[in-house]
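# Structure at a glance
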Amino acid sequence: MKQRDAKFQIGQVVRHRVFPFRGVIFDVDPEYANTEEWWNSIPAEVRPTKDQPFYHLLAENDETEYVAYVSEQNLVSDESGMPVRHSQVNAFFDPETVGQYKPKAVVQH
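These numbers were taken from a predicted model, which means no experiment stands behind them.

This next bit is on the environment of Pro95. Its location among the elements puts Pro95 in strand 6 (residues 93-97). Sequence separation between Pro95 and Gly11 is 84 residues; the distance between their C-alpha atoms is 9.0 Å.

Dropping the structure here:
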């Protein structure tokens, strides 16, 4: 499998291409790194390839907040300019500009 550079970056606000949710990226895997059980739970007709970046999102939809794991092919930039309301956003990020969050500095002792 050929590794690709990630199209999106940590702190970027994205939305799912098909399903009605959006979120802020807090981690990136260069290729699929979840369980086979999770992989096999995706219907074969919409299952993405494993050889692309996968993103961990602090995600939200109209009803709830959660953590999502999404393939690059299923994400697009969110151009709404709306802040992400997920309750953990402020633990990880500081607001920077519209559509982007700045990771908080890690304090080491």
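Attention now goes to the pairing of strand 1 (residues 13-16). On any regular strand, side chains alternate: one points to one face of the sheet, the next to the other face. Both strand 1 and strand 2 (residues 22-29) contribute to a ladder of three bridges, which runs antiparallel. Within strand 2, the residue paired with Val14 across the bridge is Gly23. In sequence, strand 1 turns back onto strand 2 through a hairpin of five residues. Here three bridges tie strand 1 to strand 5 (residues 75-77), and the two strands are oriented antiparallel to one another. Each bridged residue has a counterpart across the sheet, and for Arg15 the counterpart in strand 5 is Val76.

The next point concerns the UniProt feature "domain: Hemimethylated DNA-binding" (unreviewed entry) in the chain. Per the UniProt record, the feature "domain: Hemimethylated DNA-binding" (unreviewed entry) sits at residues 5-104. Its end C-alpha atoms 23 Å apart, residues 5-104 is made of 9% helix and 38% strand.

Thresholds applied
- Residues numbered from 1 in each chain as written.
- Predicted model: local features only at pLDDT ≥ 70, side-chain atom pairs only at ≥ 80, totals over all residues.
- Heavy atoms only, no water.
- Helix = DSSP H or I, 4+ residues; strand = E, 2+ residues; numbered from the N terminus.
- Pairing = 2+ DSSP bridges.
- UniProt positions renumbered as here; feature names shortened; annotations may be inferred.

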